Structures are given as C-alpha cells and as structure tokens.
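What follows is each chain in one-letter form.
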Amino acid sequence: LRKVSLFQHLKDDQLESILRISRRRTFPAGTTLFREKDTGLTFYVILEGSIKLFTKSGNGEEKVLSLVAGGESFGELSLLDGRPRSASAQTLEKTIVLELSTEQFMSLLENHFDITRAILVELCSRLRATNEHVNDLTFLDERTRVVKSLIQLASRSGKRDGNLITVRMTLNYDELAQMAGVAKASLSEVIRELEARGILQFGSNEYTLNLQMLRG
Ligand code: CMP
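What you see is a predicted model; the values in this text were computed from it and never measured.

About the criteria used
Residue positions are given per chain, counted from 1 along the sequence in the order it is written. Reporting of local features is limited, given that this is a predicted model, to residues whose pLDDT is at least 70; pairs of side-chain atoms are given and counted only at 80 or more, and all residues count toward the totals for whole chains, interfaces and linings. Note that the side-chain values use all heavy atoms of the structure and ignore hydrogens as well as water. UniProt positions are given in the numbering used here, feature names are shortened, and annotations may be inferred rather than shown by experiment. Where helices and strands are cited, they refer to DSSP runs of H or I of at least four residues and of E of at least two residues respectively, numbered from the N terminus. When accessible area is computed with a 1.4 Å probe and restricted to protein chains, residues below 20% of their type maximum are described as buried, those above 50% as exposed, and intermediate ones as partly exposed. Polar contacts, as used here, are pairs of N or O atoms within 3.5 Å; protein pairs need one atom able to donate a hydrogen and one able to accept it. Residues neighboring in sequence count only if both atoms are side-chain atoms. Stacked, edge-to-face and tilted are the three classes for Phe, Tyr and Trp ring pairs, Trp counted by its six-membered ring, which pair at centre distances within 6.5 Å; planes under 30 degrees apart are stacked, over 60 edge-to-face, the rest tilted. Definition used: whenever NZ (Lys) or CZ (Arg) falls within 6 Å of the ring centre and also within 35 degrees of the ring normal, the charge is taken to sit over that ring.

*Asks:* Requested: an account of the UniProt feature "domain: Cyclic nucleotide-binding" (unreviewed entry) in the protein chain, with residues and values cited.
*Replies:* The sites that UniProt annotates as "domain: Cyclic nucleotide-binding" (unreviewed entry) are residues 6-126. Annotated as residues 6-126, this span is 33% helix and 36% strand, and its ends, taken at the C-alpha atoms, are 15 Å apart.

What follows is the structure, given as structure tokens:
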C-alpha cells in the first residue's frame, strides 16, 4: 500500500485499517469493472496491473481518456458528485485492485486530510493532462501526436537500455489510435514511416523506441 500515492503519508496502523475495510479483488485481462453512465458505488486503488478508462460515442466508437496502473486510483468522480460514471473501466492485463465503498471512501476523506489533498492534486493533474490533450488535438499534426503517445507510454512503463526503450504493448492498434486521436490508417502510416527511419520497431507484443534516431 505504501506505493499507492494517495496513502504514502499514512502510518502503518492506518494502512492496516484500510486493508481491513477494503476488498481486494483480482480480475483477468479484458474485464469491464463498470460502464459509463452506471451508478458509481466503488472507489478503486490499483495494486498491480493496468486499466483503460474510455468513453463511447453514439455510434460505438471508443475514446481512451486515460490509462491507470499500479499505485494509481480511479472512480472518485461519481462518488464525489453523485452523478453517473463519467467513463467505462476495463482491465488491460491481470489486475489486482482494492475496492472501497462510497462510505469508506468518504470516511477516508473526512479523517485524513493528506488523502483529501492527494485526491485534489490528482484531479488537478487530470485537468492539466486533459487541457494538454485538447491543445495537442488542436495544434499538433497527426504524426507528432502518434510519436507523443508512443513516448508517453514509454515513459510510463518502458524499460530503458541505453538509447533503446522497450514497451510492452497492453493497448491494441485501435486503442493506440484513439489515445493519439488519429484514424487507424493514419496510425499505420506513421508507424511504417517511423520503422523505415529506424526510430521504431514493432514486435508482436512490444515496441522499441530508438532515442538516438528520434533525436536525429
Ligand atoms: P468516475 O466518473 O466515477 O468513473 C470513471 C472514472 O474515470 C472517473 O471517475 C475518474 O476516476 C476517471 N476519469 C474520468 N475522466 C478522466 C480523464 N479525463 N482523465 C483521467 N481519468 C479520468
């Protein structure tokens, strides 16, 4: 629990009480934890694994809003404002979470100002990330958006070895295209170009970015 940013300032006995009151659950890859517009009843803290938060348009097209991984949390919005879930949540791999009910979540906020502050800071950081994404969609070309998304994934979960960063792919092509805000055909075109220039190499479930070639 120490690795969970919300809980990093709590004392051992406080962490133990969270472990006691919360429910630990393990989900396989591809499990939907809740859907957009559902009633929000649970706050989630990820211990291991990763989750995709996404919305769907009227004609069923998805938009990935964010990826959250071990040590991060989600599902607070609907508990705080009492409105339906603002997005759907699906596991990208085997994922272990702690679940807290609305009452347990509210009592944590009431009793631990550190946690309340950490939630507010997290909300600020999401608003900033969303602003940045809106700017990117408005001002950056498609190629730059794809490269930026590949770099963002690499900085979250890549393994660096000299100039090479290898990133295990938990997203499929469609999801990567949604994240970058480009059509799938544009994504394939940019990937082909980056591969031809030695910047990127795609394997079956990972890709490698060459920082030296990228800088060039
Ligand atoms: P809630 O609305 O309860 O359920 C969906 C969750 O997705 C939401 O709480 C937030 O935790 C998270 N979420 C919604 N929008 C964003 C966003 N733009 N960036 C990151 N996380 C988000």
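So much for the structure itself; the text now carries on.
*Asks:* An account of the environment of Ser78 is requested, with residue identities and associated values reported.
*Replies:* Position of Ser78 among the secondary structure elements: in helix H2 (residues 76-81). Owing to a relative accessible area of 6%, Ser78 belongs among the buried residues under this scheme. In sequence terms Ser78 and Arg145 are 67 residues apart; their C-alpha atoms lie 30 Å from each other. A distance of 3.0 Å separates the side chain of Ser78 from the side chain of Arg85, its partner in a polar contact.

*Asks:* If you had to explain the packing of aromatic side chains to someone new, which residues and values would you point to?
*Replies:* What describes a pair of aromatic rings is the distance from one ring centre to the other and the angle between the planes of the rings. Per the counting criterion, the structure on display carries six aromatic pairs. Centroid distance Phe34 to Tyr44: 5.8 Å. Interplanar angle 35 degrees. Geometry classified as tilted. Residue Phe34 is found in strand S2 (residues 32-34), and its partner Tyr44 is found in strand S3 (residues 42-48); the two are separated by ten residues along the sequence. Each member of the pair, Phe34 as well as Tyr44, is classed as buried. Ring plane angle 35 degrees and centroid distance 5.4 Å describe the contact between Phe202 and Tyr207, whose orientation is recorded as tilted. Tyr207 carries the same exposure label as Phe202, and that label is buried. Among the aromatic side chains, those forming a connected cluster through ring pairs are Phe34, Tyr44 and Phe74. Above the ring of Phe34, the side-chain terminus of Arg85 is found at 3.9 Å from the ring centroid.

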